[in-house]
Amino acid sequence: MSHRPVSERRVHPVTSVLRTFFAAVIAVLAIAALAPAVASAQTDDAEVKGRLQARDAEGERVGVAGVEFIATNEAGDEVARGVSDDEGNWSITLPPGTYQVLLDVETLPDGRELRNPEKNPAEVRLIGGDSKSALFPLGEAVASTSSEIEFVQLTVDGLKLGLVIAMCAIGLSLIYGTTGLTNFAHGEAVTFGAVMAYLLNVTGVFGVRIHLLIAAPLVLVISGAAGWAFNRGVWFPMRRRGASLISALVMSIGFSILFRYLILYQFGGRAKRLSDYQLQTAWDLGWFRLLPKDLVIMVVSIVVLLGVGIGLQTTRVGKAMRAVSDNRDLAESSGIDVERVIRWVWVAGTALAGFGGVLFATTESINWEMGFRILLLMFAGVTLGGLGTAYGALFGSIIVGLFIQLSTLVIPTDMKNVGALVMLVVILLVRPQGLLGRKERVG
Amino acid sequence: MDWGGIIENTFRGLIGEQFIYFGLAAIGLNMHFGFTGLLNFGQAVFMAAGAYGLSMAVATLGLNFWWGLLLGIVVFPLILAAIMGVPTLRLRADYLAIVTIAVSEMFRIIARSPSLDRWTGSSDGLTAFAKTFYEFSPYDAQERYFFGLFIGNQMWVITVGWVVLALVVGAVYLMMRSPWGRVLKAIREDEDAARSLGKNAYWFKMQALALGGVFGALGGMLRAIGTQSAQPQNFITDVTFFAWVALILGGAAKVGGPVVGAAILYAILNFTDIFLRNSVADGWMPEWLMTGTQVGQVRFMLIGLALVLLAAFRPQGIFGSKEEMALDDR
């Protein structure tokens, strides 16, 4: 680690880094402590559970993951939800009483249908401390309707996934471009956004649940503030010390692990869902089916991405960001305040990643590892487009999203992310600078 | 508070199974990072290669134990090294980091996928492949050995583990004194200079990646034998960073660094783990602060925190020298 002469230092940098670092940790802990209600513990409750299984192509029984179960009480109000895990197990904890348990057919994987649709929802009567099973047998896998229709459907799904990955990945690419840091903790910004949305939307603040439409912009602001704090508390002091990029890289992976497990510690290991816009009927548009919320997500992400593009192209700070990405020294010597640009990149990048997390949370469930999984897809997208280029990140991410969804035509759905990661390896083999990158970036 | 148990477990961490598995993995990482400057964030997959090489050979393919050793120590790690190394070793250091971490995620997805259940046993993993290993055990399976710390089968794993560890440390020591080792260090310090002297840097890096991977595979295989199961859960991405902390703690680019680092790390981890468990069980720990399930998550937070603090404040670890410091830019 290279050190600058002592005379350059104003405060002893180690003290300053320590101070800001612990301030950051305390801030994270304080945010985490706001959410004690998330991990709830019931005592005298009963449980309804089951195991959702289906036969795969070879006729073996496999669990069906990610299917949602909704319990409503006698008044018809929704009380609780559960999601099936990788083995198909699901359970819902409820106070004693009589409930209707509904399997949300929309969440069944493509080609799976209930054998007895008339027995959904199922009625269960629970007494305290009870554990009852509710069975939802699935029929044989339905042969897909037609390959063109499936192709169009997967393309639409892939476009949606790609747009959201792109929103998360722009920050990763810009941070790399301006500071040279490959930030492995960027995935946790996505999880952070999703968890914050859960806190506002489901747990509520001082007992008031905030509607998702208000919560989403709030999360954007909170994430941006977190990005500012992360830069100010950790990365700014590290840059001032002249820390090497390799040690910064190792620090970022350390932060990734630390934040991920702090979220697990506080949020719990179970997947959770937001309360708004969960049950929607899909529009049948002939060639494909689309949930209203998916349309909204696609429109919102296109608007945000266009906004980012216009901002980079026309505003002063946007131009400065591109200048610093292109050539930091030249930018600095032509009078651009590089630290200020980097601050903006951290704020905007983290805010976009957090907002992407909210969009993921709207369509899928929230869990503590989601950001890390998405991080690898972001890497695939960013590398494909060209590391360090904002438009490359956008372009590459959309291709990755499409590729992930379309690859399910050939490989099992539970392995679809492997396709994106294989693509990451292949692109480095044939065109390491990415589709839009310039050759000298890689060297 | 069971202080006897706490001391016993701490001591176990210092010399026991976990120390051996992760000591070997960290020696492999030292080969990659300490001596050659390669950022491998996927050492867990090399460990998995050892574990799954043996268990798939025996439990899935029905081959004998010795073929399993060949598959797990040589074939699988070499294939992995080729997958990770060929695309990235010509590129800047962080591409290898990205690809290795991506390969760990691929391993997790593939190993857990129910569609490959008959090959990998999906999330339950594979069992019943270590019988031949324990048949050679000179210890009585019912007895306790070494001040009553280990039962017979554990003692056998530990004995073999220590011998393997000693051989590997000796081999690394000799290799690093050889001309071959000096080329690796030259590549770490200045790849262009090494190339201008006519050394094929790409090929040397490839060899270092493969060799360090083999050491990692040895650790993973011993882990599978010790737990008598090969499960995806034991080789997730985060496992890599236990080896990283062991390496940086002990001091990268020192032959003995990772071994000492692993011993200290597991003594600390075992101590906090059992101490917190005792505190929760005795009701010392208020329930809002920590419950039984949360104790298991603390060690991962410690690993993350240790990486951050070591990288920021003491990148040379306990024994490393600042001049040969390995966390530097290259």
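Cut-offs applied
- Residues numbered from 1 in each chain as written.
- Chains lettered and ligands numbered in written order.
- Predicted model: local features only at pLDDT ≥ 70, side-chain atom pairs only at ≥ 80, totals over all residues.
- Helix = DSSP H or I, 4+ residues; strand = E, 2+ residues; numbered from the N terminus.
- Buried ≥ 20, exposed ≤ 12 C-beta atoms within 10 Å, placed from the backbone.
- Domains from an automatic or database assignment.
- Nonpolar A, V, L, I, M, F, W, Y, C, P; charged D, E, K, R; others polar.
- Axes fitted to C-alpha atoms, helices over the stretch in contact; angles between N-to-C directions.
- Parallel < 35°, antiparallel > 145°, perpendicular 65-115°, else oblique.
- Left-handed = near helix turned anticlockwise from the far one by under 90°.
- Contact = placed C-beta atoms within 7 Å.
- Pairing = 2+ DSSP bridges.

**Details of the overall build of chain A**
Next up, step 1: The number of helices and strands found in chain A is 12 helices and 11 strands.
Next up, step 2: For chain A, the proportion of its 443 residues judged to be buried stands at 45%.

**Focus: the domain arrangement of chain A**
Next up, step 1: Once the domains are mapped, chain A shows domain 1 (6-33 + 147-441) and domain 2 (46-133).
Next up, step 2: Along the lines of polarity and charge, the residues of the side of domain 1 of chain A that touches domain 2 of chain A split into three nonpolar, two polar and one charged.

**Re the packing of helix α3 (residues 186-203) of chain A against helix α5 (residues 245-267) of chain A**
Residues and elements named next belong to chain A.
Next up, step 1: Contact pair α3 / α5: the axes reach a minimum separation of 9 Å and the direction vectors enclose 20°. On the basis of the axis angle, α3 is roughly parallel to α5. The hand of the α3/α5 crossing is left-handed. In contact with Gly 187, Glu 188, Thr 191 and Val 195 of α3, α5 contributes Ser 256, Phe 259, Arg 260, Ile 263 and Phe 267.
Next up, step 2: Grouping the amino acids of the contact of α3 with α5 by side-chain chemistry returns four nonpolar, three polar and two charged.

**As for the sheet that holds strand β1 (residues 46-51) of chain A**
All names here are of chain A.
Next up, step 1: If you walk across this open sheet you meet the three strands as β6-β1-β9, and the pairing is mixed. On the outer flanks of this sheet lie β6 (89-94) and β9 (131-133), each paired with one strand and no other. The mean inter-strand angle of the sheet, taken between neighbouring strand axes irrespective of direction, is 25°.

**With respect to the interface of chain B and chain A**
Often, the extent of an interface is quoted as the loss of accessible area on bringing the components together.
Next up, step 1: Every contact between the two is made by 45 residues of chain B and, on the other side, 42 residues of chain A.
Next up, step 2: When contributions to the side of chain B that touches chain A are tallied by element, the ones reaching two or more residues are α4 (65-88), α5 (93-112) and α14 (292-313) of chain B.
Next up, step 3: A per-element tally of the side of chain B that touches chain A places α5(B) first, with 13 residues.
Next up, step 4: Of the residues assigned to the side of chain B that touches chain A, the class counts are 31 nonpolar, seven polar and seven charged.

**A look at the environment of A:Phe403**
Residues and elements named next belong to chain A.
Next up, step 1: Tracing the backbone through its elements, the reader meets Phe 403 in helix α11 (residues 390-407).
Next up, step 2: Through-space distance from the C-alpha of Phe 403 to that of Gly 434 is 16 Å; in sequence the pair is 31 residues apart.
Next up, step 3: Not counting chain neighbours up to four residues away, the residues in contact with Phe 403 comprise Gly 419, Ala 420 and Met 423.

**Observations regarding the sheet that holds strand β8 (residues 122-126) of chain A**
Residues and elements named next belong to chain A.
Next up, step 1: The strand order β5-β4-β7-β8 describes an open sheet built from four strands, whose pairing is antiparallel. The outermost strands of the open sheet, each flanked by one partner alone, are β5 (78-83) and β8. Geometrically, the sheet is characterised by an average inter-axis angle of 25° between neighbouring strands, direction not taken into account.
Next up, step 2: Pairing of strand β4 (residues 68-72) with β5, which is carried by five bridges, proceeds in the antiparallel orientation. Its bridge partner being in β5, Thr 72 is matched across the sheet by Glu 78.

**With respect to unusual backbone geometry**
Residue and element names in this part refer to chain B.
Next up, step 1: For Ser 122, which is not glycine, the phi dihedral falls at a positive 35°.
Next up, step 2: Structurally, Ser 122 is set in the loop between α6 (117-120) and β1 (126-127).
Next up, step 3: Judged by local crowding, Ser 122 falls into the buried class, with 23 C-beta atoms found within 10 Å.
Next up, step 4: Even without being a glycine, Ala 253 presents a positive backbone phi close to 70°.
Next up, step 5: Position of Ala 253 among the secondary structure elements: in the loop between α12 (239-250) and α13 (257-282).
Next up, step 6: Overall, Ala 253 belongs to the buried group, with 24 C-beta atoms counted inside 10 Å.

**Comments concerning the packing of helix α2 (residues 147-179) of chain A against helix α7 (residues 316-326) of chain A**
All names here are of chain A.
Next up, step 1: Two elements in contact, α2 and α7, have axes separated by 7 Å at closest approach and are oriented at 60°. Judged on the interaxial angle alone, α7 and α2 are oblique. In this structure, the crossing between α2 and α7 has a hand that is left-handed. Note on element contacts: α7 touches α2 through Met 321, Val 324 and Ser 325, opposite Leu 174, Gly 177 and Thr 178.
Next up, step 2: Residues of the contact of α2 with α7, tallied by class, amount to three nonpolar, three polar and no charged.

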